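# Report on the structure
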Amino acid sequence: LQAARAGNAVTLWARDPARAAAMAEARENARYLPGQPLSAAIQVTADAAAAMEGALFALVVVPVQHLRAAVAALPPGGCPLVVCAKGVERGTLCLPLEILEQLRPEAPAAVLSGPNFAHEVARGLPAAAVVASGDAALRSLAGELLGTAGFRLYGGDDPMGVQVGGAAKNVIAIAAGAVIGAGLGENARAALVTRGLAELSRLTVALGGRAETAAGLSGLGDLLLTTTGAGSRNTSLGMELARGTPLEAALASRAGVAEGVETAPALVARAAAAGVELPICAAVAELLAGELSIGQAMGRLLSRPRRDE
Ligand SMILES: NC(=O)C1=CN([C@@H]2O[C@H](COP(=O)(O)OP(=O)(O)OC[C@H]3O[C@@H](n4cnc5c(N)ncnc54)[C@H](O)[C@@H]3O)[C@@H](O)[C@H]2O)C=CC1
Ligand SMILES: O=C(CO)COP(=O)(O)O
């Protein structure tokens with residue numbers, strides 16, 4: 001919707017032909033963005049090759065655990081990819097651009113991220129994001145074609161920092177939701193989010209990103225939105241868990257993905273491989289695995305040895 005608003009002819013690819021036909025007919029993505037009409041500039045197809053034909057780039061917006069399959073289904077060659085997914089792939093511990101690099105090493109790629117609830121961007125409410133790539137031409141093209149006055153798109157040359165921010169904030173959001181859901185108060189949430197940001201920054205630097213990126217839109221910005229916004233799926237999942245809903249039931253009752261669930265253990269493992277400890281994210285991973293209660297997690301975080309901030 002934003003790409004069309006910015007004046008582009010857009011083709012939306014959906015892998016399921018029946019859903020693609022239904023969206024083309026109803027001019028609406030009734031399952032994920034109900035009530036938001038698709039503008040006339042948007043065509044819908046289930047044919048990936050047709051969608052990519054002549055495209056300047058493609059936005060890849062599927063959950064990280066399905067990113068490999070989705071990219072593998074694209075025709076070979078083709079246009080540059082701009083990935084919007086936020087997380088770490090389980091098993092391989094890959095970040096999104098690392099998956100793309102494995103599957104399409106020849107294609108330029110970028111990551112687009114920031115504090116952007118989809119339903120607000122769809123409505124054209126003001127927002128800002130960053131598009132980061134080692135390929136200066138691609139990030140400038142993406143900025144030019146997707147940015148509008150109401151969607152302020154910054155360029156960035158630290159795609160690693162941007163990806164770590166997007167992955168870590170979802171895990172920290174589950175913790176923040178759990179703190180609120182358990183009635184531990186807003187002081188506790190602020191402390192947890194701040195220490196979560198310290199984890200996000202440490203991992204960013206350890207993986208070759210920059211600390212300033214962690215303090216930017218894709219790090220602190222998205223952490224702020226996700227941990228305080230009532231609309232966050234990760235935060236609301238944390239709240240449900242704290243109120244006693246079992247993980248399976250909480251996941252079954254929602255339509256969209258909560259990336260932090262699969263990302264938590266993968267992020268912690270990726271950090272451990274880089275020699276970085278992430279106590280909050282590790283507690284979330286154990287909570288999700290049923291190995292720790294919220295009370296135990298808080299007890300453990302609060303009893304860590306005292307040290308300088
Ligand atoms: N929804 C939001 O507000 C935002 C989401 N994101 C990120 O974008 C990514 C996707 O999120 P959502 O769209 O919200 O998830 P969602 O769970 O609401 O929708 C996922 C979409 O991916 C499709 N999909 C799943 N597997 C696929 C495959 N193998 N091939 C093709 N399509 C496939 C599904 O059919 C569905 O349309 C996540 O990493 C999320 O963190 C980023 C910013 C904002
Ligand atoms: O990434 C997002 C906002 O920037 C969406 O957050 P949730 O997936 O937690 O809803």
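Residues numbered from 1 in each chain as written. Chains lettered and ligands numbered in written order. Predicted model: local features only at pLDDT ≥ 70, side-chain atom pairs only at ≥ 80, totals over all residues.

## With respect to the site of ligand 2
- Close to ligand 2 lie 13 residues, the nearest being Asn-116, Asp-222, Ser-232, Arg-233 and Asn-234.
- Contributing elements (two or more residues each) for the shell around ligand 2: helix H8 (159-181), helix H11 (217-228) and helix H12 (233-242).
- Top contributing element to the shell around ligand 2 by residue count: H11, with 3 residues.
- Classifying every residue of the shell around ligand 2 gives 4 nonpolar, 5 polar and 4 charged.
- In terms of domain composition, the shell around ligand 2 takes at least three residues from each of domain 1 (2-158) and domain 2 (160-302). (Near = placed C-beta within 6 Å. Helix = DSSP H or I, 4+ residues; strand = E, 2+ residues; numbered from the N terminus. Nonpolar A, V, L, I, M, F, W, Y, C, P; charged D, E, K, R; others polar. Domains from an automatic or database assignment.)

## What to know about the nonpolar core
- Ranked by size, the top nonpolar core spans 79 residues in total, and within it Ile-172, Ala-175, Leu-267, Cys-281 and Val-284 carry the most contacts.
- Examining the composition of this core, we find that 14 residues originate from one element, H8, more than from any other.
- Each of domain 1 (2-158) and domain 2 (160-302) contributes no fewer than three residues to this core.
- Sequence-distant contacts of Ile-172, defined by excluding residues within four places in its chain, comprise Val-193, Gly-196, Leu-223, Thr-227, Ile-280 and Cys-281. (Core = buried A, V, L, I, M, F, W, Y, C linked by C-beta atoms within 7 Å. Buried ≥ 20, exposed ≤ 12 C-beta atoms within 10 Å, placed from the backbone. Contact = placed C-beta atoms within 7 Å.)

## Quick look at the UniProt feature "active site" (unreviewed entry) in the protein
- Here, UniProt's "active site" (unreviewed entry) annotation points to Lys-169.
- Turning to its location among the elements, Lys-169 is positioned in helix H8.
- Classification of Lys-169 as buried rests on a count of 32 C-beta atoms within 10 Å.
- When sequence neighbours within four positions are dropped, the list of residues in contact with Lys-169 reads Leu-200, Asp-222, Leu-223 and Thr-226. (UniProt positions renumbered as here; feature names shortened; annotations may be inferred.)

## Looking at the packing of H8 against H12
- Closest axis-to-axis distance for the H8/H12 pair is 6 Å, and the angle between their directions is 40°. With respect to each other, H8 and H12 are oriented oblique. Considering how the two elements wind past one another, H8 and H12 form a crossing that is right-handed. Contact with H8, carried on its side by Asn-170, Ala-173, Ile-174, Ala-175, Ala-176, Gly-177, Ala-178, Ile-180 and Gly-181, involves Asn-234, Thr-235, Ser-236, Leu-237, Gly-238, Met-239, Glu-240, Leu-241 and Ala-242 of H12 and no other residues of that element. (Axes fitted to C-alpha atoms, helices over the stretch in contact; angles between N-to-C directions. Parallel < 35°, antiparallel > 145°, perpendicular 65-115°, else oblique. Left-handed = near helix turned anticlockwise from the far one by under 90°.)

## Overview of H11
- Of all the 12 residues making up H11, 10 are buried; the element is thus mostly covered by neighbouring parts of the structure.
- Residues of H11 that are buried: Leu-217, Ser-218, Gly-219, Leu-220, Gly-221, Asp-222, Leu-223, Leu-225, Thr-226 and Thr-227.

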